[in-house]
Amino acid sequence: MTTRPRTDTIHSCVSRPDLTSIPPSHTERIQAKKAPAAKKPKAPLGEKDVNAAKPTSSSASDGKAIEDIYQKKTQLEHILLRPDTYVGSCEKTEEKAWVYCKETNKLVQRQMSFVPGLYKIFDEILVNATDNKVRDPTMVTLRVDIDQEAGCIRVYNDGNGIPVEMHKEEGVYVPELIFGHLLTSSNYNDAEKKVTGGRNGYGAKVSLFVFPYWQLD
(Lines give C-alpha, C1' and ligand atoms only; values in the text may rest on other atoms or scores of the structure.)
Protein backbone atom coordinates (compact mmCIF):
# COMPACT_ATOMS: atom_id res chain seq x y z
CA MET A 1 0.00 0.00 0.00
CA THR A 2 1.22 3.47 -0.83
CA THR A 3 0.61 6.28 1.59
CA ARG A 4 0.63 10.00 0.81
CA PRO A 5 2.04 12.32 3.48
CA ARG A 6 -0.19 15.04 4.76
CA THR A 7 0.52 18.45 3.28
CA ASP A 8 0.28 20.19 6.65
CA THR A 9 3.15 18.00 7.89
CA ILE A 10 5.33 19.10 4.97
CA HIS A 11 4.52 22.75 5.59
CA SER A 12 5.40 22.47 9.25
CA CYS A 13 8.83 21.07 8.41
CA VAL A 14 9.77 23.70 5.81
CA SER A 15 9.95 27.21 7.19
CA ARG A 16 10.50 30.41 5.25
CA PRO A 17 13.84 32.01 6.05
CA ASP A 18 13.84 35.33 7.90
CA LEU A 19 15.73 37.64 5.55
CA THR A 20 16.01 40.33 8.24
CA SER A 21 18.32 38.15 10.31
CA ILE A 22 20.72 37.50 7.39
CA PRO A 23 23.60 39.87 6.77
CA PRO A 24 23.01 42.32 3.85
CA SER A 25 25.64 40.72 1.62
CA HIS A 26 24.02 37.28 1.95
CA THR A 27 20.55 38.77 1.46
CA GLU A 28 21.59 40.41 -1.81
CA ARG A 29 22.97 37.12 -3.11
CA ILE A 30 19.77 35.29 -2.28
CA GLN A 31 17.58 37.94 -3.90
CA ALA A 32 19.86 38.05 -6.97
CA LYS A 33 19.35 34.36 -7.69
CA LYS A 34 16.77 34.01 -10.39
CA ALA A 35 15.68 31.12 -12.52
CA PRO A 36 17.79 30.91 -15.70
CA ALA A 37 16.06 31.92 -18.90
CA ALA A 38 14.77 28.99 -20.92
CA LYS A 39 17.04 28.14 -23.87
CA LYS A 40 15.56 27.84 -27.32
CA PRO A 41 15.84 24.30 -28.64
CA LYS A 42 18.32 23.84 -31.45
CA ALA A 43 17.15 22.48 -34.76
CA PRO A 44 18.33 18.93 -35.55
CA LEU A 45 21.20 18.53 -37.99
CA GLY A 46 20.03 18.84 -41.54
CA GLU A 47 16.96 20.94 -40.62
CA LYS A 48 16.62 24.69 -40.84
CA ASP A 49 16.36 26.69 -37.64
CA VAL A 50 13.46 29.09 -38.08
CA ASN A 51 14.81 31.25 -35.27
CA ALA A 52 18.28 31.56 -36.78
CA ALA A 53 19.30 34.81 -38.37
CA LYS A 54 18.91 34.82 -42.13
CA PRO A 55 22.19 35.08 -44.09
CA THR A 56 22.82 38.35 -45.84
CA SER A 57 23.69 38.53 -49.51
CA SER A 58 27.08 40.04 -48.73
CA SER A 59 29.51 39.90 -45.83
CA ALA A 60 32.41 41.75 -47.41
CA SER A 61 33.17 45.42 -47.04
CA ASP A 62 33.65 45.79 -50.79
CA GLY A 63 30.05 44.81 -51.47
CA LYS A 64 30.73 41.45 -53.16
CA ALA A 65 28.02 38.83 -52.91
CA ILE A 66 28.78 35.63 -50.97
CA GLU A 67 28.38 33.67 -54.20
CA ASP A 68 31.14 35.74 -55.83
CA ILE A 69 33.53 35.15 -52.93
CA TYR A 70 33.04 31.41 -52.35
CA GLN A 71 32.84 29.44 -55.56
CA LYS A 72 32.77 25.84 -56.69
CA LYS A 73 34.22 24.78 -60.04
CA THR A 74 33.78 21.67 -62.14
CA GLN A 75 36.86 19.60 -62.91
CA LEU A 76 37.06 21.03 -66.43
CA GLU A 77 36.65 24.61 -65.19
CA HIS A 78 39.36 24.05 -62.58
CA ILE A 79 41.80 22.69 -65.19
CA LEU A 80 41.28 25.73 -67.42
CA LEU A 81 41.43 28.17 -64.50
CA ARG A 82 44.37 26.57 -62.64
CA PRO A 83 46.27 24.45 -65.20
CA ASP A 84 49.47 24.68 -63.14
CA THR A 85 47.84 22.31 -60.63
CA TYR A 86 47.95 19.54 -63.23
CA VAL A 87 50.82 20.30 -65.63
CA GLY A 88 53.17 22.55 -63.67
CA SER A 89 54.10 26.19 -64.11
CA CYS A 90 52.64 28.05 -67.07
CA GLU A 91 55.22 30.83 -66.82
CA LYS A 92 58.13 31.05 -69.25
CA THR A 93 61.41 29.94 -67.70
CA GLU A 94 65.05 29.40 -68.70
CA GLU A 95 67.34 26.52 -67.79
CA LYS A 96 69.96 24.21 -69.25
CA ALA A 97 68.55 21.16 -70.96
CA TRP A 98 69.62 18.36 -73.26
CA VAL A 99 68.28 18.95 -76.78
CA TYR A 100 68.71 17.31 -80.15
CA CYS A 101 71.10 19.02 -82.54
CA LYS A 102 70.11 18.39 -86.14
CA GLU A 103 73.49 19.45 -87.52
CA THR A 104 75.52 16.96 -85.46
CA ASN A 105 72.77 14.39 -84.95
CA LYS A 106 73.61 14.39 -81.24
CA LEU A 107 72.17 15.52 -77.94
CA VAL A 108 73.77 18.73 -76.69
CA GLN A 109 73.24 20.83 -73.56
CA ARG A 110 71.97 24.32 -74.18
CA GLN A 111 70.33 27.19 -72.34
CA MET A 112 66.67 26.87 -73.26
CA SER A 113 63.62 29.09 -72.83
CA PHE A 114 60.34 27.20 -72.49
CA VAL A 115 57.05 26.87 -70.60
CA PRO A 116 57.17 23.82 -68.24
CA GLY A 117 53.41 23.28 -68.43
CA LEU A 118 53.42 23.13 -72.22
CA TYR A 119 56.39 20.77 -72.15
CA LYS A 120 54.58 18.51 -69.66
CA ILE A 121 51.48 18.31 -71.86
CA PHE A 122 53.60 17.12 -74.79
CA ASP A 123 55.45 14.71 -72.50
CA GLU A 124 52.17 13.10 -71.42
CA ILE A 125 51.33 12.25 -75.05
CA LEU A 126 54.86 10.96 -75.64
CA VAL A 127 54.70 8.75 -72.55
CA ASN A 128 51.44 7.21 -73.79
CA ALA A 129 53.03 6.42 -77.14
CA THR A 130 56.11 4.94 -75.44
CA ASP A 131 54.03 2.81 -73.05
CA ASN A 132 52.53 1.04 -76.04
CA LYS A 133 55.87 -0.75 -76.49
CA VAL A 134 55.24 -2.45 -73.13
CA ARG A 135 51.77 -3.55 -74.21
CA ASP A 136 52.88 -4.52 -77.73
CA PRO A 137 56.49 -5.82 -78.00
CA THR A 138 56.17 -5.89 -81.82
CA MET A 139 56.16 -2.09 -81.95
CA VAL A 140 59.34 -0.77 -83.62
CA THR A 141 58.60 2.84 -84.59
CA LEU A 142 58.02 5.94 -82.49
CA ARG A 143 58.01 9.22 -84.43
CA VAL A 144 57.43 12.85 -83.51
CA ASP A 145 56.64 15.38 -86.27
CA ILE A 146 56.65 19.11 -85.46
CA ASP A 147 55.09 21.49 -87.99
CA GLN A 148 56.02 24.99 -86.83
CA GLU A 149 54.10 26.75 -89.61
CA ALA A 150 50.86 24.92 -88.86
CA GLY A 151 51.53 24.94 -85.10
CA CYS A 152 50.99 21.19 -84.97
CA ILE A 153 52.73 18.31 -83.19
CA ARG A 154 52.12 14.70 -84.24
CA VAL A 155 53.13 11.64 -82.22
CA TYR A 156 53.03 8.28 -83.99
CA ASN A 157 53.79 4.66 -83.16
CA ASP A 158 53.17 1.47 -85.15
CA GLY A 159 52.03 -0.68 -82.24
CA ASN A 160 48.57 -2.08 -81.64
CA GLY A 161 45.95 0.64 -81.44
CA ILE A 162 43.35 1.36 -78.78
CA PRO A 163 40.33 -0.96 -79.09
CA VAL A 164 37.41 0.90 -80.66
CA GLU A 165 34.72 -0.87 -78.65
CA MET A 166 31.77 0.28 -76.58
CA HIS A 167 32.45 0.28 -72.82
CA LYS A 168 29.40 -1.47 -71.43
CA GLU A 169 29.51 0.17 -68.00
CA GLU A 170 30.17 3.76 -69.12
CA GLY A 171 28.23 3.69 -72.38
CA VAL A 172 30.96 5.33 -74.52
CA TYR A 173 33.66 4.06 -76.83
CA VAL A 174 37.00 3.24 -75.17
CA PRO A 175 39.03 5.99 -76.97
CA GLU A 176 36.53 8.62 -75.81
CA LEU A 177 36.57 7.20 -72.29
CA ILE A 178 40.34 7.27 -71.81
CA PHE A 179 41.01 10.58 -73.60
CA GLY A 180 37.79 12.52 -73.07
CA HIS A 181 36.83 11.73 -69.46
CA LEU A 182 38.82 12.71 -66.41
CA LEU A 183 39.93 10.17 -63.78
CA THR A 184 39.96 7.28 -66.25
CA SER A 185 43.01 5.03 -66.41
CA SER A 186 44.19 1.48 -67.03
CA ASN A 187 46.60 1.69 -64.09
CA TYR A 188 44.20 1.59 -61.14
CA ASN A 189 44.98 -2.00 -60.20
CA ASP A 190 47.62 -1.56 -57.46
CA ALA A 191 48.04 -5.33 -57.24
CA GLU A 192 49.79 -5.30 -60.63
CA LYS A 193 53.42 -4.25 -61.06
CA LYS A 194 53.50 -0.75 -62.54
CA VAL A 195 55.76 -0.59 -65.61
CA THR A 196 54.05 2.20 -67.57
CA GLY A 197 53.40 5.89 -67.03
CA GLY A 198 50.16 7.38 -65.75
CA ARG A 199 48.46 6.82 -62.43
CA ASN A 200 45.87 9.44 -61.49
CA GLY A 201 43.61 9.63 -64.54
CA TYR A 202 44.66 13.04 -65.88
CA GLY A 203 47.75 12.88 -68.10
CA ALA A 204 47.15 13.05 -71.84
CA LYS A 205 43.51 14.05 -71.51
CA VAL A 206 44.52 17.38 -69.97
CA SER A 207 46.03 18.31 -73.35
CA LEU A 208 42.66 17.59 -74.94
CA PHE A 209 41.04 20.25 -72.75
CA VAL A 210 43.79 22.86 -73.20
CA PHE A 211 44.47 22.73 -76.94
CA PRO A 212 41.86 24.07 -79.42
CA TYR A 213 42.33 21.08 -81.76
CA TRP A 214 43.12 17.48 -80.87
CA GLN A 215 42.87 14.42 -83.13
CA LEU A 216 43.22 10.71 -82.40
CA ASP A 217 43.82 8.32 -85.34
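These numbers come from a predicted model, not from an experiment. (Residues numbered from 1 in each chain as written. Predicted model: local features only at pLDDT ≥ 70, side-chain atom pairs only at ≥ 80, totals over all residues. Heavy atoms only, no water.)

**Q** Which parts of the structure should I look at to understand the pattern of salt bridges?
**A** Opposite charge on two side chains lets them pair, provided their charged atoms get close. The full count for this structure, using the stated rule, is three salt bridges. A salt bridge links Lys120 to Asp123, with the shortest nitrogen-to-oxygen separation between them at 3.7 Å. A residue pair is termed a helical-turn pair when its members lie 3 or 4 positions apart in one helix, as Lys120 and Asp123 do in helix H6 (residues 116-135) at three residues. Taking the relative accessible area as the measure of exposure, Asp123 reaches 23% and is therefore partly exposed. The partner of Glu124 in a salt bridge is Lys120, and the shortest N-O contact between them spans 3.5 Å. In this pair, Glu124 and Lys120 both sit in helix H6, four residues apart, roughly one turn of the helix. Overall, Lys120 belongs to the partly exposed group, its relative accessible area being 30%. Connected via shared salt-bridge partners are Lys120, Asp123 and Glu124. (Salt bridge = Lys/Arg side-chain N within 4 Å of Asp/Glu carboxyl O. Helix = DSSP H or I, 4+ residues; strand = E, 2+ residues; numbered from the N terminus. Buried < 20%, exposed > 50% of the residue type's maximum accessible area, 1.4 Å probe, protein only.)

**Q** Is there a simple way to think about the packing of aromatic side chains in this case?
**A** Aromatic ring pairs are described here by two measures, namely the spacing of the ring centres and the angle between the planes. Across all of its chains, the model carries one aromatic pair by this definition. With centroids separated by 6.1 Å and ring planes inclined at 65 degrees, the aromatic side chains of Phe114 and Tyr119 adopt a geometry described as edge-to-face. Since its relative accessible area comes to 53%, Tyr119 is described here as exposed. (Phe/Tyr/Trp six-rings, centres within 6.5 Å; stacked < 30°, edge-to-face > 60°.)

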